[in-house]
Structure formats: structure tokens, C-alpha cells
Amino acid sequence: MYKSSKGNKGGKLGIIITAIILIVLVICTNLNRNIIDIIVNPFTKITMSIQGGFAYLGNKIKGNDEYFTSLDSMKKQYDDLKKENERLVSENQKLVALQAENKTLKEQIGISEKYPEWEVVPAYVIQKDFSNYSKIIVINVGKKDGVENDMTVVTDSGLVGYVVSAEDKSSKVQTIVDTASAVSCFISNSDKSMVTRGILDSNKKIKGTYIDNDVVINEGDTIYTSGIGGIYPKNITVGKVKEIENTQNKTNRYVYVETAVDFDKISSVVVIKNQK
Amino acid sequence: MKKVSSIIIMILVYFFIYFLQINFFSWFNINGVKPNLFIVLVLLVGIFIDGKAGAIFGFISGLYTDFLFSNTIGISAILFAVVGYSSTILENRFSSDSKITILIMQSIVTAIYEFVLVGYRALFLHAYTDILPFIYILAIEILFNALVIIILYPLIQRFGFYLESVFNKKEMLTRYF
């Protein structure tokens, strides 16, 4: 296919088209903005430019051209502001780096303050799972830092998961959004427990099942760890009830819980070693 | 000497894919779904050298992947070894004269690999698995792998020729090109 010059051209064209398709797919499925906006914007710009021209003419005819006569002074102002803006952008870049560092340190201090009864080890997330079906993260602390298997990992927002395998200088953490993860929880307004499990197609939601029949659940209710099961300590925030799915049989009803931790952006965590 | 250097190249390609999977595809993904280029690499080694080499390479690279991520050491090793070896079986069944062959083989092994892996997780790790999301993710993963293969095909072709010449494969697989 790639040997003849004609075939070669066809092959290259095929590759380019495939690459474009791939990039478009990635962009379309990841953009937060509405795709329609992207399509509509150029048309709006063209229409608004023409409309601007008409407005200018209209103002001239009416003698209402005060705005336009002051255009020169505005242009000068614009140039000054542009220079000022460039200076601020450069300063901002330096601040962003410092801010990121500061945020991480604050988070770690915040966790220590939030849970003063625990002895904690701060850590950074150094790797996220490459697989689409498991959601294990790797952190940069291990046995040499006192981390052991089954220790709980949290951020200042809430529960992350637990250590499934501690090596010398790193540890694997099974997150609560992993499908193999099960966390015993209770709802803020009730003392009855339920079990949350990770689901395949989301990094932000987990499914809450085994909900007691007489428990009243409302959207926005906070979910905490119950302490049952022996791995997770009690009262760590897991997330908030996002959707309630009522089934015909009440025992089968389930909820979707939005996790307190943003697993797409998670960068620093702490490992709970033990109670002080 | 050439064999040693080609093994080193394979290892380097593995690490290149590893960093690509961890860093690049963590944001360059289709609706959150990443490709699995390890499967593609192991399959290609099996096709261009032979099933045994594919199985050995698959086992070692799978074991290494398990050390890094899995909570069950050995599962990826066994599955990658099967992927590497399966190339021999699939090679005998498919002989169409185009890259479609590689794409079909990739689709089959990716589906089998992920199906077994998810099945294992459901049975032994009690992972909660919904069928529809699984099929959806698998379909995108296969599509993503296929698109990457199409884009990198000239490179794969050269790499394959090189491996074939180094390991003196008796039958030159010109039919793939």
C-alpha cells in the first residue's frame, strides 16, 4: 500500500484524516464548552461586525458621533493598558507557580488541623492508572515512611481510598472510585449504613447500595464513612448524594454519590498512620 | 548483537508507551477512555517475530505493569503472554493483504484481554461491573487503538521489517503491507 507513489499519497492522506478524526473526537468529548457555541461564534462575529458598521453609519447620519471622535484618545489608552497587561501577565506566571506550591502545603496543613487525632504522612500522587477499568493511584511514600497496607488515604476534601500495596518508597492506593472498592458509609441525617462502590464509567460518582428501607435520603445529603469494616476510620467525608434512583422494590433502590475528592485533579494526599 | 539492540529497542518502546499512557493519554482521551497500547505492542512483537517471543515479551512486560499498578501480581503477565502467543493463531486465520488484518487482530485481542481482566476483577476482587458501560468503554478503547495503529502504521511497518530481518523470520509477512 505504501510502495507506489500514488498509494503512498493515499496512505499519507489516510493517516492525516485519521489523525484529524482522532483529535476532533478527543476535543469534542473533552470540551466543557458547548460545541454549538463553537459553531455559532464565527457567525455571530461576522454578523456583529456588519451590524457595528451599520451602527457607525447610523450614528454619523444622526450626528451622534461623539463616541467615534474620542477614538484616538481611547486608542492611546488601549496601548497603555496593553503594556500594563503584559507586565501583569509576566508577574502572574511567577505567582501561579508559587500559588500551586502554597496550595499543596496548605492542604497538608489543613488535613492535619482537620483531623488532629491522627498521625499522618503527607504524599504526592506520582502516577495514575493507565487502565480504563481500574483506578489505582501511586503515591510517593512507602514503608520507609511508615506506610503499611490497609492504611487510609485522604485529602482535605475527603476520602481517597486505602493502601493496597506498600513498597519501600511508594505505595499503591485503591481509590473509592475503583470498581473493586466498597466503603461502608452512613448518611448525615441517619445512623443507618449503606455501601458505596465505584462504577466503571465515572471518576466523579460512586454508587450507594444496600440502603435501609426506612432511611429518608435527599439530594445533597452528605455521606460519611461508618467505620464498619475495619479499614476506614469513622466520620471521613465520602461525598454528597447527587441522584436518587427509586426502584419498584424499595430494597433495590440506590443513589449516586458525587465524591468529595476530585479524582481527575488529585495531586496531594495524606496517609493516616494511626490515632495519636 | 543486532538481536540485543532490537530487544533494547523493544524495551525502550515499552517505556515510551508507558509514559505516553500515564501522562499524554491522561488528558488526550475520548470521553475519558484511553487506548491500551501495551496490547498493541505485545501483539506486534508476536506477529513480527513469533508467538513464543510475543508470549515471553508479553509476560515480562505484563509482570512489570503488574508491579507498577495491579493489586494482583501476575494477571497482566498471563494475559499479555496470551496476547503475544495468540498472534500466531490469529496470523494463520487472517491473511488479507492489508493493515485491516492488524486492526482486526487488535480488536479481537483487546476485547478478549479486557473481557478476561474485567471478568477476573468481578469474580475474584468482587468488582462492581455493569455490562453496558463496559461495552461502551471497550468499543472506544478498540476504536482508539485502531486509530493509533492507522496513524503509526508506517512506523509499525518499519519496526516490523526490522524485527523480521533481525530474528530471521522464515516467512516475510509482506502481506501486511
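Residues numbered from 1 in each chain as written. Chains lettered and ligands numbered in written order. Predicted model: local features only at pLDDT ≥ 70, side-chain atom pairs only at ≥ 80, totals over all residues.

What chain A contains, in helices and strands, is four helices and 12 strands. Going through the 276 residues of chain A one by one, you find that 28% of them count as buried. In chain A, of all internal contacts separated by at least 6 residues, the share reaching a separation of at least 24 is 53%. (Helix = DSSP H or I, 4+ residues; strand = E, 2+ residues; numbered from the N terminus. Buried ≥ 20, exposed ≤ 12 C-beta atoms within 10 Å, placed from the backbone. Contact = placed C-beta atoms within 7 Å.)

This part covers the domain arrangement of chain A. Split into domains, chain A comes out as domain 1 (70–110) and domain 2 (115–276). On a C-alpha basis, the centroid separation for the pair domain 1 of chain A and domain 2 of chain A is 37 Å. (Domains from an automatic or database assignment.)

Quick look at the packing of helix 1 (residues 2–24) of chain B against helix 6 (residues 131–166) of chain B now. All names here are of chain B. Running from N to C, helix 1 and helix 6 point in directions that differ by 145 degrees, and their axes come no closer than 10 Å. Remark: the crossing between helix 1 and helix 6 carries left-handed chirality. Judged by residue contacts, Lys2, Lys3 and Ser6 of helix 1 engage Tyr162, Leu163 and Val166 from helix 6. Residue composition of the contact of helix 1 with helix 6, grouped by class: three nonpolar, one polar and two charged. (Axes fitted to C-alpha atoms, helices over the stretch in contact; angles between N-to-C directions. Left-handed = near helix turned anticlockwise from the far one by under 90°. Nonpolar A, V, L, I, M, F, W, Y, C, P; charged D, E, K, R; others polar.)

With that out of the way, let us pick up helix 1 of chain B. With 23 residues, helix 1 of chain B should cover 33 Å at 1.5 Å per step; its first-to-last C-alpha distance of 31 Å lies within 8% of that length. Among the residues of helix 1 of chain B, those classed as buried are Met10(B), Ile17(B) and Gln21(B). (Expected span 1.5 Å × (residues − 1).)

To continue, consider the interface of chain A and chain B. Counting residues at the interface gives 31 residues for chain A, matched by 35 residues for chain B. Contributing elements (two or more residues each) for the side of chain A that touches chain B: helix 1 (5–30), strand 1 (118–128), strand 4 (159–166), strand 5 (171–175) and strand 7 (193–198) of chain A. Here the side of chain A that touches chain B takes nine residues from helix 1 of chain A, the largest share from any one element. Taken together, the residues of the side of chain A that touches chain B break down into 15 nonpolar, 11 polar and five charged.

This next bit is on the sheet that holds strand 9 (residues 222–225) of chain A. Residues and elements named next belong to chain A. Taken in spatial order, the six strands close into a barrel running 6-7-8-11-10-9, and their pairing is antiparallel. Taking the axes of each pair of neighbouring strands and ignoring which way they run, one obtains an average angle of 45 degrees across the sheet. In this sheet, strand 10 (residues 237–245) lies alongside strand 9 in antiparallel orientation, the contact comprising three bridges. The residue bridging isoleucine 223 from the neighbouring strand is glycine 239, located in strand 10. (Pairing = 2+ DSSP bridges.)

This part covers the environment of Phe80(B). Residues and elements named next belong to chain B. Structurally, phenylalanine 80 can be placed in helix 4 (residues 75–93). Residue phenylalanine 80 is classed as buried on the basis of its 29 C-beta neighbours within 10 Å. The spatial distance from the C-alpha of phenylalanine 80 to the C-alpha of glycine 62 is 5.6 Å, given a sequence separation of 18 residues.

A few words now on the pairing of strand 4 of chain A. Side-chain positions along a regular strand alternate between the two faces of the sheet. Residues and elements named next belong to chain A. When you tally the buried positions in strand 4, you get six out of eight residues, the bulk of the element. Direction of pairing for strand 3 (residues 152–154) relative to strand 4: antiparallel, over a ladder of three bridges. Note that in strand 4 the partner of valine 153 across the bridge is glycine 161. Between the antiparallel neighbours strand 3 and strand 4 lie four residues. Linking two consecutive strands that pair antiparallel, namely strand 4 and strand 5, is a turn of four residues.

For Tyr210(A), which is not glycine, the phi dihedral falls at a positive 55 degrees. Examined against the element boundaries, Tyr210(A) turns out to sit in the loop between strand 8 (205–209) and strand 9. C-beta crowding within 10 Å serves as the criterion here: with 16 such atoms nearby, Tyr210(A) is assigned to the partly exposed category. Phi is positive for His126(B), close to 55 degrees, though the residue is something other than glycine. Relative to the helices and strands, His126(B) is located in the loop between helix 5 (100–124) and helix 6.

So, about the nonpolar core. Formed by 49 residues in total, the largest nonpolar core has its most connected members in Val42(B), Leu43(B) and Val45(B). With 14 residues, helix 6 of chain B is the largest single contributor of residues to this core. With sequence-adjacent residues up to four places away left out, Leu43(B) is seen in contact with Val83(B), Ser87(B), Met105(B), Gln106(B) and Val109(B). Judged by nonpolar contacts, the second largest core, of 43 residues, contains Ile136(A), Val147(A), Val177(A) and Ile223(A). (Core = buried A, V, L, I, M, F, W, Y, C linked by C-beta atoms within 7 Å.)

Bringing helix 3 (residues 51–68) of chain B into the picture now. Compared with an ideal rise of 1.5 Å per residue, which puts 18 residues at 26 Å, helix 3 of chain B spans 25 Å between its outermost C-alpha atoms and is within 8% of the ideal. Within helix 3 of chain B, burial applies to Ala53(B), Gly54(B), Ala55(B), Phe57(B), Gly58(B), Phe59(B), Ser61(B), Gly62(B) and Thr65(B).

Next up on the list: the packing of helix 2 (residues 37–48) of chain B against helix 3 of chain B. Residue and element names in this part refer to chain B. Two elements in contact, helix 2 and helix 3, have axes whose closest approach is 7 Å; the angle formed by their N-to-C orientations is 155 degrees. In terms of their interaxial angle, helix 2 and helix 3 are classed as roughly antiparallel. The handedness of the crossing between helix 2 and helix 3 comes out as right-handed. Within the contact between the two elements, helix 2 uses Phe38, Val42, Val45 and Gly46 and helix 3 uses Gly51, Ala53, Gly54, Phe57, Gly58, Ser61 and Thr65. Class assignment for the residues of the contact of helix 2 with helix 3 results in five nonpolar, six polar and no charged. (Parallel < 35°, antiparallel > 145°, perpendicular 65-115°, else oblique.)

Right, let's get into the environment of Thr129(B). Looking at where Thr129(B) falls in the secondary structure, it is placed in the loop between helix 5 and helix 6. Contact partners of Thr129(B), with chain neighbours within four places excluded, come to Thr179(A), Leu200(A), Val118(B), Ala122(B) and Phe134(B).

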